[in-house]
Amino acid sequence: MSPSFDVVELATTYANKSAQDILKLAFAEFGDDLWISFSGAEDVVLVDMAWKLNKNVKVFSLDTGRLHPETYRFIDQVREHYKIEIELVSPDYTKLEPFVKEKGLFSFYKDGHGECCGIRKIEPLRRKLSSVTAWATGQRRDQSPGTRSAVAVLEIDTAFSTPERTLYKFNPLAQMTSEEIWGYIRMLELPYNSLHERGFISIGCEPCTRPVLPNQHEREGRWWWEEATQKECGLHAGNIISKSKA
């Protein structure tokens, strides 16, 4: 990383630049230390753009153990399509097994998704990011008006940085719309999760994801039993923190 790497200044400078330009900046500054987060939904656009810039791109995906079978198949499709490794990061069984033994497999319908996501997503992600300098996500501002409307194209990851180590986070697709994402996928005939053909838009774990009706926002298919302003699993907790300070 160059000495002149100023996050605030660069976030402003690149605010209206293309996703490819933002990724070029990320690779120029961090090279092979940059990791791409692939969620198994439409993040294939991010993977495609990154792979075209760096054939050795590093990609990881969280395997919560509760994903749809279609999502697991899609991950392998992408792995084969680009001839890349996708590192699957799994929950710590020493934390998961006691949780399931005590609360069963569907406690989140009663007491919220926070604890389950903490074990199945947050702890594995924290473990992964503890050895990472920079990562890129497929977050978009139009994904969740309650929590993502102000997502910056570049930021310091306030959720996973530590006093000893600053973690940089790129959101190259931040200003792209769902229509633009799907236009890209169709134009280049990229693989996509077959659940999208059945009304699923935002896809997470199977028990916490459902199709949406016409004119419903995509985030209404996630954690539908909870308040819209809390519809983050914690992977992007900085969104809620930033919103609360606004």
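What you see is a predicted model; the values in this text were computed from it and never measured.

### Things to note about the state of the cysteines
Following the criterion strictly, the structure yields 0 disulfides and no others. There is no disulfide at Cys 208, and the cysteine sulfur nearest it, in Cys 205, is 5.9 Å away. According to the relative accessible area criterion, Cys 208 is buried, its value standing at 8%.

### Here we look at the pairing of strand E2 (residues 58–62)
Among the 5 residues that make up E2, 4 are buried, leaving the element largely enclosed by the rest of the structure. For the handedness criterion, the β-α-β arrangement of strand E1 (residues 34–37), helix H3 (residues 44–53) and E2 is classed as right-handed. With 4 bridges connecting them, E2 and strand E3 (residues 86–89) associate as parallel partners. Following the sheet pairing, Leu 62 is matched in E3 by Val 89. Assessed by its sense of winding, the connection that carries the chain from E2 through helix H4 (residues 69–82) to E3 is right-handed.

### Topic: the pairing of E1
The alternating pattern of E1 places Leu 34 and Ile 36 on one face and Trp 35 and Ser 37 on the opposite face, and all of these are buried. Strand direction decides the pairing type here: E1 and strand E4 (residues 134–136), joined by 3 bridges, are parallel. For Trp 35, the partnering residue across the bridge sits in E4 and is Trp 135. The sheet contact formed by E1 and E2 spans 3 bridges and is parallel. Across the sheet, Ile 36 pairs through a bridge with Val 59, a residue of E2.

### Considerations on unusual backbone geometry
For Lys 83, which is not glycine, the phi torsion reads 55° and is therefore positive. Within the chain, Glu 189 stands out as a residue other than glycine whose phi angle is a positive 55°. Of note, Glu 189 is situated in the loop between helix H8 (178–188) and helix H9 (237–245). Classification of Glu 189 by relative accessible area gives exposed; the value is 68%.

How each quantity is defined
Numbering of residues starts from 1 in each chain and follows the order in which that chain's sequence is written. In keeping with the predicted nature of the model, local features appear solely for residues at pLDDT of at least 70, side-chain atom pairs appear and are counted solely at 80 or more, and the whole-chain, interface and lining totals rest on all residues. Derived side-chain values reflect all non-hydrogen atoms in the structure, with water molecules and hydrogen atoms excluded from consideration. Throughout, a disulfide means two cysteine sulfur atoms within 2.5 Å of one another. Any residue under 20% of the maximum accessible area for its type is buried, any over 50% is exposed, and the rest in between are partly exposed; the area is computed with a 1.4 Å probe on protein chains only. Every helix listed is a DSSP run of H or I at least four residues long, and every strand listed is a run of E at least two residues long, numbered separately from the N terminus. For crossovers, right-handed means that the path from the first strand over the helix to the second runs clockwise, given strands pointing away from the viewer. Only strands that DSSP links by at least two bridges are regarded as paired with each other.

By themselves, these observations are geometric and do not establish any function.
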